[in-house]
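The primary structure of each chain is shown beneath.
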Amino acid sequence: MTDYIATSAGQRATFLCGKSWTAYVSTFVIAVLLFFAALPLAFKYNARAAFVVLIGSALIVGYRLLTIRSYQLYIDEAGVWLASGILPWKKKLMGVKWRDMDEAVYETNFWSWLFQSYTVRVSQRYTQDIEIHATGMARGKDAVAAINARQQEMLQGSAIVV
């Protein structure tokens, strides 16, 4: 894991994973419906309607693709973070600080095993709430292993030897 991204605090963070290709399936279905069903229907009325449908469809599909691509799970010195969103009013950063983290787990079933697309959950120690819940993450299994290994390193580094 050598990919680094810059956080707002100026720290270097290690990128763990993003959305898997399976997250794009619903957007592909919408694109097929818009471009191969709605567009021909709009052409039956007139060229302006078709142009409006074409531009609207391209904007909808483009926005969905960019939003899915914006999901980034990463760790830094402060904790585990999930960033998402492309528009300034839709950007989110959810996270758990190392001192508050309970555990990171991934959920598996037949489809997640088959497509290597896991749901990642990072819970908080004190409230048992799930602070980070990310579905359809590529390499989610490896990301959970890296998070838990880093947490163990942090705990062993802070242990007081008597």
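Residues numbered from 1 in each chain as written. Predicted model: local features only at pLDDT ≥ 70, side-chain atom pairs only at ≥ 80, totals over all residues. Heavy atoms only, no water.

S.K.: Explain the packing of aromatic side chains to me, please; I cannot follow it from the model alone.
M.R.: The description of two aromatic rings rests on the distance between their centres and on the angle between their planes. Summed over the entire model, instances satisfying the criterion amount to five aromatic pairs. With centroids separated by 6.0 Å and ring planes inclined at 40 degrees, the aromatic side chains of Phe110 and Trp113 adopt a geometry described as tilted. Here Phe110 and its partner Trp113 are both found in helix H3 (residues 110–115), three residues apart, which amounts to about one turn of the helix. For Phe110, a relative accessible area of 48% gives the class partly exposed. Every member of this aromatic cluster is reached through a ring pair, and the members are Trp21, Phe110, Trp111, Trp113 and Phe115. (Phe/Tyr/Trp six-rings, centres within 6.5 Å; stacked < 30°, edge-to-face > 60°. Helix = DSSP H or I, 4+ residues; strand = E, 2+ residues; numbered from the N terminus. Buried < 20%, exposed > 50% of the residue type's maximum accessible area, 1.4 Å probe, protein only.)

S.K.: In this structure, what is going on with helix H1 (residues 25–45)? I would like to understand it.
M.R.: Between its first and last C-alpha, H1 extends 30 Å over 21 residues, near the 30 Å set by a 1.5 Å rise per residue. The largest bend in H1 amounts to roughly 30 degrees and is located at Ala38, with the proline Pro40 lying one to four residues further along. Three or more residues of H1 are buried, namely Thr27, Ala31, Leu39 and Ala42. Tucked inside the fold, the buried residues of H1 contact helix H2 (47–69). (Expected span 1.5 Å × (residues − 1). Bend = angle between axes of the 7 residues up to and from the residue. Contact = heavy atoms within 4.5 Å.)

S.K.: How should the sheet that holds strand E8 (residues 130–138) be read in this particular structure?
M.R.: Think of a sheet as strands paired side by side through backbone hydrogen bonds, with each pair either parallel or antiparallel. One open sheet holds the three strands; their spatial order is E6-E7-E8, and the pairing between them is antiparallel. Looking at which strands have only one partner, the edges of the open sheet turn out to be strand E6 (101–107) and E8. The average undirected angle you get between the axes of adjacent strands in this sheet is 15 degrees. As paired strands, E6 and strand E7 (residues 117–124) are joined by six bridges and run antiparallel to one another. In the sheet register, Val105 faces E7, and the bridge partner there is Arg121. (Pairing = 2+ DSSP bridges. Axes fitted to C-alpha atoms, helices over the stretch in contact; angles between N-to-C directions.)

S.K.: Which parts of the structure should I look at to understand unusual backbone geometry?
M.R.: Glycine aside, a negative phi is what most residues show, and trans is what most peptide bonds show. The residue Gln116 is not glycine, and still its phi comes out positive at about 55 degrees. For Gln116, the location among the structural elements is in the loop between H3 and E7. With a phi angle near 55 degrees, Arg139 is a residue other than glycine that sits in the positive phi range. Here Arg139 shows up in the loop between E8 and helix H4 (140–158).

S.K.: Help me understand the UniProt feature "transmembrane region" (unreviewed entry) in the chain, please; the structure alone is not making it clear to me.
M.R.: Taking the numbering used here, the UniProt-annotated feature "transmembrane region" (unreviewed entry) corresponds to residues 21–43 and 49–66. A distance of 32 Å separates the end C-alpha atoms of residues 21–43, which is 83% helix and 0% strand. For residues 49–66, the end-to-end C-alpha separation is 26 Å, with 100% helix and 0% strand making up the annotated structure. (UniProt positions renumbered as here; feature names shortened; annotations may be inferred.)

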